[in-house]
Amino acid sequence: MTVLRRIWTNARLATVSAKDEGLGIIENGAIASEAGRIVYVGRSAEMPSALRSQAEQIDCEGRWITPGLVDCHTHLVYAGNRAKEFELRLNGASYEEIAQNGGGIVSSVNQVRAASELDLVNQSLPRLDALISEGVTTVEIKSGYGLTNEDEAKMLRAARQISRRRAVTVRTSYLGAHTAPAIYRGRNRQFVEDVVLPGLLSAHAQGLVDAVDGFCEGIAFSPDEIRLVFAEAKRLGLPVKLHADQLSNLQGAALAAEFGALSADHLEYTDEAGVIAMANHGTVAVLLPGAFYFLRETRKPPVELFRRHGVAMALASDSNPGTSPLTSLLLTMNMGATLFGLTIEECLAGVTREAAKALGMQNQIGSLEVGKRADFAIWNIEAPSELVYRIGFNPLHRRVWNGEMTRMSGGERA
């Protein structure tokens, strides 16, 4: 039977609310939820007695509670793997060389096209389960490995189906402008006009698209080609995101800001003008240390510039088969700290509050506040810094999604 009201008591809370100082720590705290929404966050002793009436009470025994983790940039739906390319890179091949010789994204495209929708679902669920088992309650999933109208839609349908099979919120991003297939080599604009834009219209009409993404890079699409896609997204009333400035500076961050993008992602080559543009438009910087690590890059995103100009920084796994086969936001936080120099507070906010903002969901999730969804994680830790400090250790005790306790694995409702 579904319980409408629950109270978690005897907890230590990290609200990660922008209204609170630091991580918003509350000792001897409690959270009350009703019909899947938070109705109280604060000290147990100050909770109105009326809330305790007819409520299921859960004693957290002094454990910590944080908002549910949010993975705001993944390519989680795909088929097969690209382990062979990993071996090639170990032997000295560059990302660009592999892509130019039929590897990279094109390799995943071939495998996705050969897979059925059910194949995609079944291969993707274990990756999602790995994230869920670490306290993730919301995940973004992109298309981009189909590159035909039907195959892009197939990926998005698989993502929607995944959201129905697990107690997790899935947001989809249409990434038709990921790369041009071989038959359009040298004719990227034609590919955008022939495939990307019609595919976007079709997927949107089917209710499969929450946002629109693109890859602005020398091996992908130019700023002018991305503008065509983003203009259509805006016409349809869809928010945009952008893979920007990962391998070179094509002013992708500024382009994203020009269209009021929710986020610009990667950003290793972003300059100060791009950072200022992002700050002026409230565009979140999504940092992806998994790809930085896996590709053995040396140029880091300009974290100090983001701090100086007040640009929110999110962290995400970038889970994908070729450049970041990572399914751990806990490890992502550790990488954000060790590789990019983020603080503990920045890491935790980066996978909660700022990640929610990168999905346009900051009014619904990402912090422990009255009115937001009751999505949170209960941890067996002594201090929040342990979530960033440990490597290969999962201290999750229980996960709560939409006010309901879920099992440790698979994300099924308990």
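In the annotation of an unreviewed UniProt entry, the entry for the protein reads Imidazolonepropionase, and the organism field reads Peteryoungia desertarenae. Comment text from UniProt for the protein, heading Subcellular location (unreviewed entry), reads "Cytoplasm".

With that settled, consider the side chain of K154. Note that K154 resides in helix α6 (residues 149–165). Given the relative accessible area of 7%, K154 is considered buried. Of note is the side chain of K154, whose polar atom sits 2.5 Å from the backbone oxygen of A115. Among all residues touching K154, those that are not within four sequence positions of it are V112, R113, A115, S116, E117 and L120.

Before going further, it helps to examine unusual backbone geometry. Residues other than glycine seldom take positive phi values, yet V16 does so here, at roughly 55°. By secondary structure assignment, the location of V16 is in the loop between β1 (5–14) and β2 (25–34). Given the relative accessible area of 3%, V16 is considered buried. Backbone geometry at D245 places phi at a positive 55°, although glycine is not the residue there. For D245, the position within the fold is in the loop between β10 (241–244) and α9 (252–258).

What counts and what doesn't
Residues numbered from 1 in each chain as written. Predicted model: local features only at pLDDT ≥ 70, side-chain atom pairs only at ≥ 80, totals over all residues. Heavy atoms only, no water. UniProt positions renumbered as here; feature names shortened; annotations may be inferred. Helix = DSSP H or I, 4+ residues; strand = E, 2+ residues; numbered from the N terminus. Buried < 20%, exposed > 50% of the residue type's maximum accessible area, 1.4 Å probe, protein only. Polar contact = N/O pair within 3.5 Å; in protein donor to acceptor, adjacent residues only side chain to side chain. Contact = heavy atoms within 4.5 Å.

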